[in-house]
Amino acid sequence: MNDVVVHVEGVWKRYGLPLVPALRRQWRQWVGRPMSIDEQGPWALRDISVTVRRGDALGIVGRNGAGKSTLLKILAGVTPPNKGRVRVSGRLFPMIELNAGIHPELTGRENTYLLGAIVGLRRRELNARMKAIEEFCELGEWFDRPVRVYSSGMLARLGFSVAVNVDTDILLVDEVLATGDIGFQKKCIDRINEMIARDGTTLLLVSHSPHEVESLCRDGILLDNGVPVFSGPPKELLEQYARTVY
Amino acid sequence: MRAIPSSAAGPRDLGRATVLLSALVSREFKSRYRRSMLGPLWAVIQPLVYMLLFLFLGTVLKMASPKGPYVVYLFCALMPWTFFANAVTRCASSLISNASIVKKIAVPREVFPLSVVIVSLLDFLISLVVLFGLLAYYQIAQGIPLASPWACAFWLPILTLLTFMLASGIGLALAAFGTYRYDVFFAVPLLLQAWMFATPIFYLVDGVPMGLRSWYSLNPMVGIVEAYRSVLMYGQSPDLSLLAVAVIVTIVIWALVWPVFRYVSQYFADVL
């Protein structure tokens, strides 16, 4: 069981401070009309259990609001679950909000230092990777211009280039691949595949693109209303997904 | 295996927090003057212009000062007050303006209010340079002996640390609340205005009615502001009983606020 890197067991999540809902529940219990589990909601995740092993590449699909991003946020530790247990072993890197913290007046290079600091790279580590980052994003002379003049695709390149140059054991990817052009998207998918194959990185991918799921994942789960309704290989997964949507 | 940290602090998280903290502070200073022609000069121009304005106002209104010119009396208190007020105001919105980072990584949330207090502190240190220029002018050109270097070297770091802790304690409370409910942003400017009038910045403490004195001195900024004056202007040690009030209030605020902040900060990402 040593190769289990992500273990989620019976997790429930309702957004917001749980203080007021807890008081309300106590009150209803006290007056003799206990609340049903649905009344305690709205639940973003309902009793979800997931196990991911080292080197796995798990796709998470489902309609908007199904709880995909919520699951990743709980794994990233930015929000706690209301019930259930979450265990993560190893370094985990959330590839969500790629351009978190960038300042429009600063150049691509300056923002790279900032993005690096946000994902936990020390200045020395970042300096060592700077060349690779600069090459990966292919921004050329734009790399030293303020990012306010960037197009959204160029901005995505910047964030992504820092993200794929971080050493990590577990990679969480949340719908961030779609912004770049086709060439860059392919480069990103190749790079992530390389991280899985060469470094044994574990991938959890949230995506609406059948192409991404098929080219990156070996396994997947389908979420609907916060509940996992199907799990299996990409082909069947995407068929099931299509069935829930149409 | 380790349990997932919910913005908890292990040694590695603390290291990450420090890296992020310095990045946030340097982002502010790098970007602030980027599109201005005069650049960092503005940091000096602002206090200078205020100084001239108050020099004029002090003369017109014939404002009294126990020792030395009124503008010095005023500035010795206005500079630390500005530090305090700026820090507190910026804290309230510090999580909201960094929402994308809060939603991305599980770093201790104290980093964000702390970073803006540090920014305000650095602003304060720059304004101190202007203040020292003013003190030096009156000391040399007009022969009015003001600050003593030894008292300054000893007391200024202590007072600045105390102001820092008080501002960040109150700032944490405002950040904790302001992230959930925006009433804070309407209330803070009003409260700070009232607080400024309840602090002897523009007027002398002697003018405060005796009956109100005991209540008045519960205001921790009274002790702090008067202590800055004692050190910078009168060349004496501060009134320790007033300063003790400020220290106790600061400790009480931290003891009350920090546990609350720790609890509610877990859910910041939910509401941003």
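This one's a predicted model, so the numbers in the text were calculated from it and none came from an experiment. (Residues numbered from 1 in each chain as written. Chains lettered and ligands numbered in written order. Predicted model: local features only at pLDDT ≥ 70, side-chain atom pairs only at ≥ 80, totals over all residues. Heavy atoms only, no water.)

### Considering the overall build of chain A
Secondary structure assignment for chain A yields eight helices and nine strands. Its C-alpha atoms give chain A principal-axis dimensions of roughly 70 × 40 × 40 Å. Within the span of chain A, comprising 246 residues, buried residues form 52% of the whole. For chain A, restricting intrachain contacts to residue pairs at least 6 apart in sequence, the fraction spanning at least 24 positions comes to 72%. A total of about 11,200 Å² of accessible surface is found on chain A, and carbon and sulfur atoms cover 51% of it. Taken together, the 32 basic and 29 acidic charged side chains of chain A have centroids lying 7 Å from each other. (Helix = DSSP H or I, 4+ residues; strand = E, 2+ residues; numbered from the N terminus. Buried < 20%, exposed > 50% of the residue type's maximum accessible area, 1.4 Å probe, protein only. Contact = heavy atoms within 4.5 Å. Areas by Shrake-Rupley, 256 points an atom, 1.4 Å probe, with all protein chains shown as cover. Lys, Arg positive; Asp, Glu negative; His and termini not counted. Charge placed at Lys NZ, Arg CZ, Asp CG, Glu CD.)

### A word on the interface of chain B and chain A
Between chain B and chain A, the residue contacts involve 34 residues of the former and 41 residues of the latter. The contact between chain B and chain A buries some 3,400 Å² in all, and 61% of this surface belongs to carbon and sulfur atoms. Applying the counting criterion to the chain B and chain A interface returns four salt bridges. Between Lys103(B) and Glu97(A) there is a salt bridge, and its shortest N-O distance comes to 3.9 Å. At the boundary of chain B and chain A, one finds eleven residue pairs in polar contact (both at pLDDT 80 or more). When residues of the side of chain B that touches chain A are traced back to their parent elements, those giving at least two are strand S1 (2-3), helix H1 (11-32), helix H4 (99-102), helix H10 (240-265) and helix H11 (268-271) of chain B. Ranked by residue count, the leading element in the side of chain B that touches chain A is H1(B), at nine residues. A breakdown of the residues in the side of chain B that touches chain A according to their chemical character gives 17 nonpolar, six polar and eleven charged. (Buried area = accessible area lost by both parts, 1.4 Å probe. Salt bridge = Lys/Arg side-chain N within 4 Å of Asp/Glu carboxyl O. Polar contact = N/O pair within 3.5 Å; in protein donor to acceptor, adjacent residues only side chain to side chain. Nonpolar A, V, L, I, M, F, W, Y, C, P; charged D, E, K, R; others polar.)

### Quick notes on the packing of helix H9 (residues 220-234) of chain B against H10(B)
Residues and elements named next belong to chain B. It is at 7 Å that the axes of H9 and H10 come closest, and there the two elements cross at 130 degrees. Relative to H10, the element H9 lies oblique. Where H9 crosses over H10, the handedness of that crossing is left-handed. Residues Pro-220, Val-222, Gly-223, Ile-224 and Ala-227 of H9 lie in contact with H10, whose contacting residues are Leu-242, Leu-243, Ala-246 and Val-249. Along the lines of polarity and charge, the residues of the contact of H9 with H10 split into eight nonpolar, one polar and no charged. (Axes fitted to C-alpha atoms, helices over the stretch in contact; angles between N-to-C directions. Parallel < 35°, antiparallel > 145°, perpendicular 65-115°, else oblique. Left-handed = near helix turned anticlockwise from the far one by under 90°.)

### Topic: the nonpolar core
Counting 81 residues, the largest nonpolar core has Leu20(B), Val72(B), Phe75(B), Phe84(B) and Phe112(B) as its most contacted members. A per-element tally of this core places helix H3 (residues 70-94) of chain B first, with 18 residues. Setting aside anything within four residues of it in sequence, one finds Phe112(B) in contact with Leu20(B), Leu24(B), Ser94(B), Leu95(B), Asn98(B), Ile101(B), Val102(B) and Val107(B). Listed in part, the 44 residues of the second largest apolar core include Val173(A), Leu177(A), Val213(A) and Leu238(A). (Core = buried A, V, L, I, M, F, W, Y, C linked by side-chain atoms within 4.5 Å.)

### A look at the packing of aromatic side chains
To describe a pair of aromatic rings, one takes the distance between the centres and the angle between the planes. Scanning all chains against the criterion turns up 19 aromatic pairs over all chains. Arranged with centres 5.6 Å apart and planes meeting at 35 degrees, the rings of Trp27(A) and Trp30(A) form a pair that is tilted. Separated by three residues within a single helix, Trp27(A) and Trp30(A) lie in helix H1 (residues 19-30), roughly one turn from each other. Ring geometry for Trp254(B) and Trp258(B): centres 5.6 Å apart, planes at 75 degrees, overall edge-to-face. With a gap of four residues between them, Trp254(B) and Trp258(B) both fall in helix H10, about one helical turn apart. Ring-pair connections join several aromatic residues into one group, and the members of that group are Phe136(A), Phe160(A) and Phe184(A). Over the ring of Trp12(A) we find Lys83(A); its NZ or CZ atom is 4.9 Å from the centre of that ring. For the cation-ring pair, Arg123(A) lies above Tyr113(A), with the distance from its terminal atom to the ring centre recorded as 4.1 Å. (Phe/Tyr/Trp six-rings, centres within 6.5 Å; stacked < 30°, edge-to-face > 60°. Lys NZ or Arg CZ within 6 Å of the ring centre and 35° of its normal.)

### Thoughts on the packing of helix H5 (residues 111-140) of chain B against helix H6 (residues 149-178) of chain B
Relative placement of two packed helices is described by the angle separating their axes and the distance separating the axes. Residues and elements named next belong to chain B. Running from amino to carboxyl end, H5 crosses H6 at an angle of 145 degrees, the nearest separation of the two axes being 10 Å. The interaxial crossing formed by H5 with H6 has right-handed handedness. Contacts between H5 and H6 involve Pro-113, Leu-114, Val-117, Ile-118, Leu-121, Phe-124 and Phe-132 from the former and Cys-152, Leu-156, Thr-160, Phe-164, Ser-168, Leu-172 and Ala-175 from the latter. Among the residues making up the contact of H5 with H6, the classes are represented as twelve nonpolar, two polar and no charged.

### Quick word on the pattern of salt bridges
Enumeration over the complete set of coordinates arrives at 29 salt bridges over all chains. In this structure, Lys13(A) engages Asp270(B) in a salt bridge whose closest nitrogen and oxygen atoms are separated by 2.8 Å. With one member in each of two chains, Lys13(A) in strand S1 (residues 4-13) and Asp270(B) in helix H11 form a pair that bridges those chains. When its relative accessible area of 0% is taken as the criterion, Lys13(A) is described as buried. Note that Glu134(A) is salt-bridged to Arg109(A), the shortest N-O span being 3.4 Å.

### Quick notes on the pairing of strand S9 (residues 227-232) of chain A
All names here are of chain A. Sheet topology note: the strand S8 (residues 219-224)/S9 ladder contains five bridges and is antiparallel. Bridge pairing links Leu-222 to Phe-230 in S9. The antiparallel pairing of S8 with S9 creates a hairpin that spans two residues between the two strands, and Asn-225 there sits at a positive phi of about 50 degrees. (Pairing = 2+ DSSP bridges.)

### Brief notes about helix H7 (residues 183-197) of chain B
Residue and element names in this part refer to chain B. Here H7 is 15 residues long and its end C-alpha atoms lie 22 Å apart, about the 21 Å a rise of 1.5 Å per residue gives. Buried within H7 are the following residues: Val-184, Val-188, Leu-192 and Met-196. Packing partners of the buried residues in H7 comprise H3 and H6. (Expected span 1.5 Å × (residues − 1).)

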